[in-house]
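# Architecture at a glance
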Amino acid sequence: MKDSAYKDHLGRPIVAVTGVGIITSLGQGLKDNWSALTAGNSGIHAINRFPTEGLSTRIAGTVDFIDIPVANAVERSYAFARETTIEALADAGISGDFDGPLFLAAPPIEPEWSARFDLADRSPPADHAGDAYDRFLAAMRQRPDGAFHEASLFGAISERLADRFGTRGLPVTLSTACASGATAIQLGIEAIRQGRSSRALAVATDGSVSAEALIRFSLLSALSTQNDPPTKASKPFSKDRDGFVIAEGAATLVLESLEAAVARGAKILGIMKGAGEKADSFHRTRSSPDGGPAIATIRAALADAGMGEGDIGYINAHGTSTPENDKMEYASMLAVFGERMASIPLSSNKSMIGHTLTAAGAVEAVFSLQTMLTGTLPPTINYTNPDPSIVIDVVPNKKRESQVNAVLSNSFGFGGQNASLVMALEPA
C-alpha cells in the first residue's frame, strides 16, 4: 500500500479504530448491547440503589450488575472503564502494556453525602478540633479511609487505568459535560495525527447516578417525570417528551494510525474521519436556542473529515428527549443539511439506554461504528407522537437494514460543550 494511502486530505495520519468495549444498562459487552439495542429493548428501570420516595423522578438506566468493592461513584466508574478496556484490548488483539497515551472522560464526582455524614460522625467535637474541615482531617488521621480519599481525587480513575493497562505518559482526565466521551476520542485522534503516538486509548465512563445527582438535575427541570412505565419515559424528538433519563455506562475505543494497524495485521472496525468542537457561552446549562455553536460544530467536523453534507448517510443524534435540546439539535442539523435533513435516517440511542452523561459520546461512537459494520440502523423507540415541528426520519420503533458508509455522531452538552464526530468504513 502506498504511503499516501495512510494519509488524509490534509496529509495527516489516518486514524483507525481497532477495538471497542461497552457497558450500558442493556448489559455488558458489544454483543449483548447491540442485540438489545437493535431489538428496541430498553434498559431503563425503577431505581433500587437508594430510596426514591418523595422524588419526582424514580427511574434511571443504572448499571447494577458489575461488582465493586465499595459502593461509590468512583469505584463504579472505574469498574465500568476497566471492563470496557479489557474488552476493547482483546478485540484489538493487544496484550501486555498498551504503550500509548490514555484519554479518559470521567464525571466530576465527589464523595457521596452518605460517606460525608459517616466521616462527620467520626470527627471530633467542634470545640476540640476547630472548623469542619479540620475535623474531617482529624478523623482521617485517626482512621484512614482509602476509599473515601480516592473518591475525592478527580484523577484517581485514570491513574488506576494507566497502572492496570500500561499506558504511556501522564493519563489525561477530562470532563466536558455530555460532550466528554467525544472529546476524549478527539484528543486520541489528535495525538496520532500529530505523530506523538501510533496508538491511543480513549475511554469514557460514568457511574455517578445518586440521589444527589437526581435531585440536582430535577431542580434544573431536566429529567423526565414519566415514571410508569420506565421503558416509555425517554422519547426523543416526540411531541410529549419531557426530559432525559439519567443513566450509566462506559465505552473504550482503541485508536491506531491506519499504517500501524495494517502493519500488525489488525482488523479495522472503522475510520475516525473528523472531529469538531465548539464552545457555547450562552448559558451555564442551556444551549444557545439558535443552534449557532452546534451548527459550527457539525460543520467543523465535516471540514476536518474533508467531507460534504451529502456524504453523511446516517446520524447518531444527541437526542436527549428534553424539549429544548431536541429542538435545538434539529434546527442545527437542518441548517447544515437543508432539505436533505428529512430523508437522512437518524437514531437516538438514549431512547433505550438513557443519557449516560460523561460516557455518552463514546458509547454512541461505538454504536455508530457498529451501525456501519452491520448495515443495521438501530431504532428510536417510543416514537408514537411525532413533533410536527421536527420533520426527520428517526428510524421509528423498529430497526432498519441499510448500508451506510459514513456517520455523524453529535454530543451537545450542558454549559455549551459541543462535539461532533465523523466516522467511516475502512478506505478501499
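Here the residue numbering is sequential within each chain, running from 1 through the sequence in written order. Per-residue local features of the predicted model are confined to residues with pLDDT of at least 70, and side-chain atom pairs are confined, for both listing and counting, to 80 or more; whole-chain, interface and lining totals are unaffected and use all residues. To obtain the side-chain values, all non-hydrogen atoms of the structure were included, while hydrogens and water were left out.

### Focus: the nonpolar core
- By convention a nonpolar core is built from buried Ala, Val, Leu, Ile, Met, Phe, Trp, Tyr and Cys residues, the set being connected through side-chain atoms within 4.5 Å. Categorising residues by exposure relies on relative accessible area from a 1.4 Å probe, with only protein chains included: less than 20% of the type maximum marks a residue as buried, more than 50% marks it as exposed, and the intermediate range marks it as partly exposed. Counting 47 residues, the largest nonpolar core has V17, V20, I185, L253, L255 and M272 as the members making the most contacts within it.
- If one sorts the elements of this core by residue count, helix 14 (residues 360–374) sits on top with seven residues.
- For this analysis, residues touch if any pair of their heavy atoms sits within 4.5 Å. Beyond its immediate sequence surroundings of up to four residues, L253 is in contact with V17, G19, V20, I185, A200, L201, A202, M272, A362, A365, V366 and L369.
- The next biggest cluster of nonpolar side chains, apart from the first, holds 27 residues, and it includes Y330, M341, Y383 and V422. Counting from the N terminus, the helices are DSSP H or I runs at least four residues long and the strands are E runs at least two residues long.

### Some thoughts on the environment of F217
- Among the structural elements, F217 can be located in helix 9 (residues 211–219).
- Looking at F217, the relative accessible area reads 17%, which means it is buried.

### A look at the side chain of T62
- With respect to the secondary-structure elements, T62 resides in the loop between strand 4 (59–60) and helix 2 (73–92).
- We classify T62 as buried; its relative accessible area is 3%.
- Under this definition, polar contacts are N or O atom pairs within 3.5 Å; protein pairs additionally need one hydrogen-donor-capable and one acceptor-capable atom, and for neighbouring residues in sequence, both atoms have to be side-chain atoms. There is a polar contact of 2.8 Å between the side chain of T62 and the side chain of H45.
- Side chain to side chain, T62 and D64 meet in a polar contact 2.8 Å long.
- Excluding residues that lie within four positions of it along the chain, T62 makes contacts with S25, H45, R49, V209 and E248.

### Section: the pattern of salt bridges
- For this document, the term salt bridge refers to a Lys or Arg side-chain nitrogen within 4 Å of an Asp or Glu carboxyl oxygen. The tally for this structure, following the rule as stated, stands at 17 salt bridges.
- Via salt bridges that share partners, D8, R12, E190, R193 and D304 belong to a single interconnected network.

### A closer look at the packing of helix 1 (residues 30–38) against helix 14
- Contact geometry for helix 1 and helix 14: axes closest at 11 Å, N-to-C directions at 75°. With respect to helix 14, the element helix 1 is oriented roughly perpendicular. Touching L30, N33, W34 and L37 of helix 1 are V366, F367, Q370, T371 and T374, all from helix 14.
- Under the scheme applied here, ten amino acids are nonpolar (Ala, Val, Leu, Ile, Met, Phe, Trp, Tyr, Cys and Pro), four are charged (Asp, Glu, Lys and Arg), and all others, including Gly, are polar. By residue class, the composition of the contact of helix 1 with helix 14 is five nonpolar, four polar and no charged. Interaxial angles span 0 to 180 degrees and are taken between N-to-C directions of axes, which are lines fitted to C-alpha atoms, for helices over the stretch in contact. We call two directions roughly parallel when the angle between them is under 35 degrees, roughly antiparallel when it is over 145, roughly perpendicular when it lies between 65 and 115, and oblique otherwise.

### Side note on the domain arrangement of the protein
- By convention here, the domain bounds are inherited from an automatic or database domain assignment. The assigned domain composition of the protein is domain 1 (15–109 + 154–424) and domain 2 (114–151).
- Relative to domain 2, the C-alpha centre of domain 1 lies at a distance of 37 Å.

### Observations regarding unusual backbone geometry
- A cis geometry characterises the amide bond from D228 onward to P229, with omega recorded as -5°.
- In this fold, P229 is placed in the loop between helix 9 and strand 8 (249–257).
- Here D99, not a glycine, exhibits a phi torsion of approximately 60°, which is positive.
- Turning to its location among the elements, D99 is positioned in the loop between helix 2 and strand 5 (102–105).
- Of the residues examined, D99 reaches a relative accessible area of 45% and is grouped as partly exposed.
- Notably, N397 is not glycine yet its phi reads approximately 70°, a positive angle.
- Mapped onto the secondary structure, N397 falls in the loop between strand 12 (376–377) and strand 13 (400–401).
- Look at N397 and you get partly exposed, because its relative accessible area is 37%.

### Some remarks on the packing of aromatic side chains
- Two rings from Phe, Tyr or Trp (for Trp, the six-membered ring) form a pair when their centres are within 6.5 Å of each other. A pair whose planes differ by under 30 degrees is stacked, one over 60 is edge-to-face, and the rest are tilted. Applying the stated criterion across every chain yields a total of two aromatic pairs.
- With centroids separated by 6.2 Å and ring planes inclined at 35°, the aromatic side chains of W34 and F367 adopt a geometry described as tilted. Residue W34 is located in helix 1, and its partner F367 is located in helix 14; the two are separated by 333 residues in the primary sequence. For the pair formed by W34 and F367, the shared burial category is buried.
- Between F217 and F244, the aromatic rings sit 5.3 Å apart at their centres with planes inclined by 80°, giving edge-to-face as the arrangement. Of this pair, F217 sits in helix 9 while F244 is found in the loop between helix 9 and strand 8, placing the two residues 27 residues apart along the sequence.

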